[in-house]
Amino acid sequence: MQVLSVSTDSRFSHKIWQEEELNKMVDGGFPYPMLSDQGGRVGTVYGVYDPDAGVNIRGRFIIDPDGVIQAMEVLTPSVGRNVGELIRQLKAFQHTRKTGEVMPSEWQPGKPTLKPSPAMVGKVWEVWKPETRPREE
Amino acid sequence: MSEPKDGCVTPAKGPIVPAEAGEREAPQKEDKKIMTAQVGKPAPDFEISAYYEGGFKNVKLSDYKGKWIVLCFYPGDFTFV
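Remember, predicted model here, so these are calculated numbers, not experimental data. (Residues numbered from 1 in each chain as written. Chains lettered and ligands numbered in written order. Predicted model: local features only at pLDDT ≥ 70, side-chain atom pairs only at ≥ 80, totals over all residues. Heavy atoms only, no water.)

Novice: Provide a residue-level description of the overall build of chain B, including the pertinent values.
Specialist: On a plain count of helices and strands, chain B comes out with one helix and four strands. Buried residues in chain B amount to 36% of all 81 residues. Long-range contacts, defined as pairs at least 24 residues apart, comprise 50% of the intrachain contacts of chain B with a sequence gap of at least 6. Put simply, chain B shows about 5,400 Å² of open surface, and 56% of that area lies on carbon and sulfur atoms. (Helix = DSSP H or I, 4+ residues; strand = E, 2+ residues; numbered from the N terminus. Buried < 20%, exposed > 50% of the residue type's maximum accessible area, 1.4 Å probe, protein only. Contact = heavy atoms within 4.5 Å. Areas by Shrake-Rupley, 256 points an atom, 1.4 Å probe, with all protein chains shown as cover.)

Right, dumping it as structure tokens:
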């Protein structure tokens, strides 16, 4: 798995950020290429460039080995990401690519997967039930 | 550590537009209207400059074909979230 981070900062800014801050937060710093999208041209193509602010907002894309986008998530700036959800989605897409099985909602790694077939129509309840959770306001 | 071969001046190329759309016409104008990233569709290719392992180099998305890629955009270095 290859991570690529992208912002509109210059690559020189990335270098100083890595050296001055990230190295001190995480042992060894950020271990992947930090891409510089000055002008937001790439962000524009991916639909995450905010021309008013002049920055790329938080957008995350899972791209499969064929170069096809399997998932995307875009957030406004005030809320950070959930890495656990990224890993869950990545594992689910890797599993379905390998096996052809599909993952029901709320699926977590290790939980049962579904093998779609005519026989399963109307019988999903036998193998999978949603977990109940407290109702949100 | 060996000195990175790439200098600091290699220009970034940005989004790689198909040949028929590029070259003569102004690509920036078109880019603004085209939002091509969609699930189930090929990820738009690009080549831009990057900082990695202490040096600067250009990174092309399609060079990572055959691997799972997580492409993360974020507002800026030194921000707080």
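Novice: Account for the interface of chain B and chain A, naming residues and giving values.
Specialist: On the side of chain A, 62 residues touch chain B, which itself brings 47 residues to the contact. For the pair chain B and chain A, the summed buried area comes to about 5,100 Å², and 66% of that belongs to carbon and sulfur atoms. Per-residue buried area on chain B facing chain A is highest for Tyr51, Trp68 and Phe73 of chain B; these three make up 21% of the total on that side. Applying the counting criterion to the chain B and chain A interface returns zero salt bridges. Those elements that place two or more of their residues in the side of chain B that touches chain A are strand E1 (14-15), helix H1 (27-33), strand E2 (46-52), strand E3 (55-60) and strand E4 (69-73) of chain B. The leading source of residues in the side of chain B that touches chain A is E2 of chain B, at six residues. A class-by-class count of the residues in the side of chain B that touches chain A yields 30 nonpolar, 10 polar and seven charged. In this sheet, E4 of chain B lies alongside strand E1 (residues 2-7) of chain A in parallel orientation, the contact comprising five bridges. By the bridge assignment for E4 of chain B, Gln2 of chain A is matched with Ile69 of chain B. (Buried area = accessible area lost by both parts, 1.4 Å probe. Salt bridge = Lys/Arg side-chain N within 4 Å of Asp/Glu carboxyl O. Nonpolar A, V, L, I, M, F, W, Y, C, P; charged D, E, K, R; others polar. Pairing = 2+ DSSP bridges.)

Novice: An account of the environment of Ser13 of chain A is needed here, citing residue identities and associated values.
Specialist: Here Ser13 of chain A lies in helix H1 (residues 11-25). Residue contacts for Ser13 of chain A: discarding those within four places in its chain leaves Asp77 and Phe78 of chain B. A distance of 2.8 Å separates the side chain of Ser13 of chain A from the side chain of Asp77 of chain B, its partner in a polar contact. (Polar contact = N/O pair within 3.5 Å; in protein donor to acceptor, adjacent residues only side chain to side chain.)

Novice: Could you give an account of the pairing of strand E5 (residues 58-63) of chain A, naming the residues involved and the relevant values?
Specialist: With six of six residues buried, E5 of chain A lies mostly within the body of the structure. In this sheet, strand E6 (residues 69-75) of chain A lies alongside E5 of chain A in antiparallel orientation, the contact comprising six bridges. The residue of E6 of chain A that forms the bridge with Arg58 of chain A is Leu75 of chain A. Between E5 of chain A and the antiparallel strand that follows it, E6 of chain A, lie five residues; Gly67 of chain A among them carries a positive phi value of about 85°. Pairing of E5 of chain A with E4 of chain B, which is carried by five bridges, proceeds in the antiparallel orientation. Bridge pairing in E4 of chain B links Gly59 of chain A to Phe73 of chain B.

Novice: How would you explain the packing of aromatic side chains if you had to name every residue and give the values?
Specialist: Per the counting criterion, the structure on display carries nine aromatic pairs over all chains. Residues Tyr46 of chain A and Phe73 of chain B carry aromatic rings whose centres are separated by 5.6 Å and whose planes lie at 45° to one another, so their mutual orientation is tilted. Here the residue Tyr46 of chain A occupies a position in the loop between helix H2 (41-45) and strand E3 (49-50), and Phe73 of chain B occupies one in strand E4, the pair thus bridging two chains. Ring-pair connections join several aromatic residues into one group, and the members of that group are Tyr46 and Phe61 of chain A together with Phe46 and Phe73 of chain B. (Phe/Tyr/Trp six-rings, centres within 6.5 Å; stacked < 30°, edge-to-face > 60°.)

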